[in-house]
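Secondary and tertiary structure notes
Next come the chains, spelled out residue by residue.
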Amino acid sequence: DAGVIQSPRHEVTEMGQEVTLRCKPISGHDYLFWYRQTMMRGLELLIYFNNNVPIDDSGMPEDRFSAKMPNASFSTLKIQPSEPRDSAVYFCASRYLSQGGYTFGSGTRLTVV
Amino acid sequence: DQQVKQNSPSLSVQEGRISILNCDYTNSMFDYFLWYKKYPAEGPTFLISISSIKDKNEDGRFTVFLNKSAKHLSLHIVPSQPGDSAVYFCAASGLKTSYDKVIFGPGTSLSVIP
């Protein structure tokens, strides 16, 4: 199994541009999570899906952030327009039912200049 | 308001000695706790967990202790090895807060000195 796959690994964009982060969860996992890691706030849960349905998006910081999961093997996190304070590492994770811990992807390091 | 706190941002330990990483939580509804380890440029990986019905859980060199009355847990690594150098995240969830919604602490960076 290739694990959770995120792309791109690094993204540098200018303020005001649209950014799309992508995630492919582990096949068979029915939960998908988007987290953001910053020095100040650590790992924050942004949104999570169960069977492709968004369950809790209370962690999404603003309307500029949106996430979709059109099918069981793909999810996107979009920021539009991006701002310098969005600079962080964004992690996607997946899990099967309630077994143990998540499996995280390697993250996307986003820099907004 | 952080519900899961790791008050030591960093810790240095000699190889072969014990590493003790601490974690405090404020939400009494949490009843399931996890530790994750993270190497640079990688995602966090699950290390060990404990349910509130237990006060100790062991897995090889790793032991997690839970003190529910103090809302405190700790991760012990014995003996510490250089490969244990990483950032360790404490995390918590609960039936009433939703087991799906895991809250992470800010992390403690452990350096094991050869």
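Relevant structure appears above.
No experiment lies behind these values; they were computed from the predicted model shown. In every chain, residue numbers begin from 1 and rise along the written sequence. Chains and ligands are labelled by the order in which they are written, letters from A for the one and numbers from 1 for the other. Under the rules for a predicted model, residues below a pLDDT of 70 receive no local features and side-chain atom pairs below 80 are neither given nor counted, while totals for whole chains, interfaces and linings still include all residues. Side-chain figures throughout are based on the complete set of non-hydrogen atoms in the structure, without hydrogens or water.

The next subject is the pairing of strand E7 (residues 65-71) of chain A. Residues and elements named next belong to chain A. We call two strands paired when DSSP finds no fewer than two bridges between them. Here a helix means four or more residues in a row that DSSP labels H or I, a strand means two or more in a row labelled E, and each is numbered from the N terminus. Pairing between E7 and strand E8 (residues 74-79): 5 bridges, direction antiparallel. Across the sheet, the residue bridging to Asn 71 is Phe 74, located in E8. Linking two consecutive strands that pair antiparallel, namely E7 and E8, is a turn of 2 residues.

Often the size quoted for an interface is simply the accessible area lost on bringing the parts together. Of the residues lining the interface, 21 residues belong to chain A; the matching set on chain B comes to 19 residues. In total, chain A and chain B occlude about 1400 Å² of area from one another, counting both sides; carbon and sulfur atoms represent 53% of this. Once two parts are put together, the accessible area they lose, assessed with a 1.4 Å probe and summed over both, is termed the buried area. By the criterion of area lost to chain B, the three top residues of chain A are Leu43(A), Tyr102(A) and Phe104(A), representing 31% of everything that side buries. In what follows, salt bridge is the name for a side-chain nitrogen of Lys or Arg lying within 4 Å of a carboxyl oxygen of Asp or Glu. Between chain A and chain B we count 1 salt bridge in total. Two N or O atoms form a polar contact when they lie within 3.5 Å of each other; inside protein one atom must be a possible hydrogen donor and the other a possible acceptor, and for residues adjacent in sequence the pair counts only when both atoms belong to side chains. The interface formed by chain A and chain B includes 7 residue pairs in polar contact (both at pLDDT 80 or more). Elements represented by at least two residues in the side of chain A that touches chain B include exactly strand E4 (31-38), strand E5 (42-50) and strand E9 (88-95) of chain A. Under the convention adopted here, Pro, Cys and the residues Ala, Val, Leu, Ile, Met, Phe, Trp and Tyr are nonpolar, Asp, Glu, Lys and Arg are charged, and Gly plus all remaining residues are polar. Taken together, the residues of the side of chain A that touches chain B break down into 9 nonpolar, 8 polar and 4 charged. Here, two residues are considered to be in contact whenever any of their heavy atoms come within 4.5 Å of each other.

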